[in-house]
Amino acid sequence: MKKTHIYGGKHRATTIIMVRHKGKVAVAGDGQVSIGATIMKHSAKKIRRLYQDKIICGFAGATADALTILERFEDHLSQYSGNFTRAAVELSKKWRTDRGLRHLEAVLLAADKDKSLLISGVGDVIEPDDNILSTGSGGPYALAAARALLIAAPQLEATEICRTSLEIASKICLYTNDNIVMEVLDAAKEAPQEG
């Protein structure tokens, strides 16, 4: 049976948004974990730093699956000396073809100081044209809000666009709350920042 991902709808327990703007990349996620119609947790952290804090990842999907994939991604980053694109491509290939990994249900949004990527288990490694990525059940709402904010208020910082977009998604999507965790990378510096 072929697995398909609907980036905005298959994973109904989260919203992750990534915005690269004005020399910074911000990745934000809500804190809600739902099982069916029940909210199980309000303060989950779905954003992680990898490879000496130079990479930020946000994930949607089954938590254990996502954490397994993040661990494999970190291994690939180490194996390829921090080459972000190569590690992402190798992870996606392995995720799609490895018998033990190919059934894992998750989507990663990952960024280093230069690139933003969506990585999936069906072989996708996608770099957006407009420097915005989203996933999860509230992903389409957050994506639309971020795009609108970039047009209407380009003076805003990446962190403000992420936070506002996620707050808007939390008012629309049942599986998203407004308990926001955010991480930020400055493209001009190697040192990580917290948002």
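Each chain has its residues counted from 1, running along the sequence as written. Owing to the predicted nature of the model, reporting of local features is limited to residues with pLDDT of at least 70; listing and counting of side-chain atom pairs is limited to 80 or more, with chain, interface and lining totals taken over all residues. Calculation of side-chain values draws on the structure's entire complement of heavy atoms; hydrogens and water are dropped beforehand.

**Student:** Break down the overall build of the protein for me, citing the residues and quoting the values.
**Tutor:** Numbering of helices and strands runs from the N terminus; a helix is a DSSP stretch of H or I covering at least four residues, while a strand is a stretch of E covering at least two. In terms of regular secondary structure, the protein is built from 4 helices and 12 strands. Compactness check: the protein gives a C-alpha radius of gyration of 15 Å against a globular reference of 16 Å for 195 residues, within 12% of the reference. Principal-axis analysis of the C-alpha atoms places the extent of the protein at approximately 45 × 45 × 25 Å. Burial here depends on accessible area, computed with a 1.4 Å probe over protein chains only, as a share of the maximum for the residue type. Under 20% is buried, over 50% is exposed, and the range in between is partly exposed. Across the 195 residues of the protein, 49% fall into the buried class. Summed over its atoms, the accessible surface of the protein is roughly 9200 Å², and 51% of this surface lies on carbon and sulfur atoms. Residues scored as positive are Lys and Arg, those scored as negative are Asp and Glu, and His as well as the terminal groups of each chain are ignored. Lysine's charge is taken at NZ, arginine's at CZ, aspartate's at CG and glutamate's at CD. Of the side chains in the protein, 26 bear a positive and 23 a negative charge, and the two mean positions are spaced by 4 Å. With C-alpha atoms as the basis for the radius of gyration, the globule rule is written as 2.2 Å multiplied by the number of residues raised to the power 0.38. In these tables, accessible area is a Shrake-Rupley quantity obtained with a 1.4 Å probe, and a residue counts as shielded only by the protein chains included in the view.

**Student:** Explain the sheet that holds strand β7 (residues 106-111) to me, using residue names and the numbers behind them.
**Tutor:** In space, the 5 strands of this open sheet follow the order β5-β6-β7-β8-β9, with antiparallel pairing throughout. The strands lining the two open edges of the sheet, one partner per strand, are β5 (47-50) and β9 (125-126). Here, strands pair whenever DSSP counts at least two bridges between them. When β7 meets strand β8 (residues 116-120), the two strands line up antiparallel, connected through 5 bridges. Pairing of Ala 111 across the sheet is with Ser 116, part of β8. Contacts: residue pairs with any heavy atoms within 4.5 Å of one another. Lines fitted to C-alpha atoms define the axes here, with helix axes fitted over just the stretch in contact, and angles between the N-to-C directions of these axes take values from 0 to 180 degrees. Here helix α2 (residues 84-97) sits on the sheet and contacts β6 (55-61), β7, β8 and β9; the angle it forms with β8, its principal contact strand, is near 15°.

**Student:** Before we move on, can you summarise the pattern of salt bridges with the specific residues and values?
**Tutor:** By definition, a salt bridge exists where a carboxyl oxygen of Asp or Glu is found within 4 Å of a side-chain nitrogen of Lys or Arg. Evaluation of the coordinates by the stated rule reveals 9 salt bridges. Here Asp 30 and Lys 46 are joined by a salt bridge, their closest N and O atoms 3.3 Å apart. Of the two residues, Asp 30 sits in the loop between β2 (24-29) and β3 (33-35) while Lys 46 sits in the loop between β4 (38-41) and β5, which places them 16 residues apart along the sequence. Residue Asp 30 is classed as buried on the basis of its relative accessible area of 0%. Judged by its relative accessible area of 5%, Lys 46 is buried. Residue Lys 45 pairs with Glu 183 through a salt bridge whose shortest N-O separation is 3.8 Å.

**Student:** Report on the side chain of Gln 32, specifying residues and quantitative values.
**Tutor:** Of note, Gln 32 is situated in the loop between β2 and β3. Apart from the residues lying within four places of it in its own chain, the contact partners of Gln 32 are Ala 13, Ile 39, Lys 41, His 42, Lys 46, Leu 174, Tyr 175, Thr 176 and Asn 177.

**Student:** Tell me about helix α4 (residues 158-172), and please be specific about residues and values.
**Tutor:** Its 15 residues place the ends of α4 21 Å apart at the C-alpha level, agreeing with the 21 Å of an ideal helix rising 1.5 Å per residue. For α4, every residue scored as buried is listed here: Ala 158, Ile 161, Cys 162, Ser 165, Leu 166, Ala 169 and Ser 170. Taken around the axis of α4, the buried residues stretch over an arc of 165°, which confines them to a single face. Structurally, α4 contributes buried residues whose contacts are with β1 (15-21), β2, α3 (139-152) and β11 (181-186). By this rule the span expected of a helix is its residue count minus one, scaled by 1.5 Å. Relevant arc is that of directions from the helix axis to the C-beta atoms, nothing else.

**Student:** Break down a nonpolar patch on the surface for me, citing the residues and quoting the values.
**Tutor:** A cluster of nonpolar side chains, Tyr 141, Ile 168 and Ile 172, forms an exposed patch at the surface whose accessible area comes to about 250 Å². With respect to the helices, strands and loops of the structure, Ile 172 is situated in helix α4. Distance thresholds for patches are 9 Å for like charges and 5 Å for nonpolar side chains (Val, Leu, Ile, Met, Phe, Trp, Tyr), applied to residues having over 30% relative accessible area and no salt bridge.

**Student:** Explain the pairing of β5 to me, and be specific about the residues and the numbers.
**Tutor:** Pairing of β5 with β6, which is carried by 4 bridges, proceeds in the antiparallel orientation. Residue Leu 50 lies in a different strand from β6, and its bridge partner there is Ile 55.

**Student:** Describe the packing of aromatic side chains, naming the residues involved and giving the relevant values.
**Tutor:** In this description, a pair of aromatic rings is defined by centroid distance and the angle of the planes. In this analysis, rings of Phe, Tyr and Trp, with Trp reduced to its six-membered ring, are considered paired at centre separations within 6.5 Å, and the interplanar angle assigns stacked below 30 degrees, edge-to-face beyond 60, and tilted for intermediate values. Enumeration over the complete set of coordinates arrives at 1 aromatic pair. Measuring from ring centre to ring centre gives 6.2 Å for Phe 73 and Phe 84, while their planes differ by 50°; the resulting arrangement is tilted. With Phe 73 in helix α1 (residues 63-79) and Phe 84 in helix α2, the pair connects residues that are 11 residues apart, well separated along the chain. Phe 84 sits in the buried class, given a relative accessible area of 3%.

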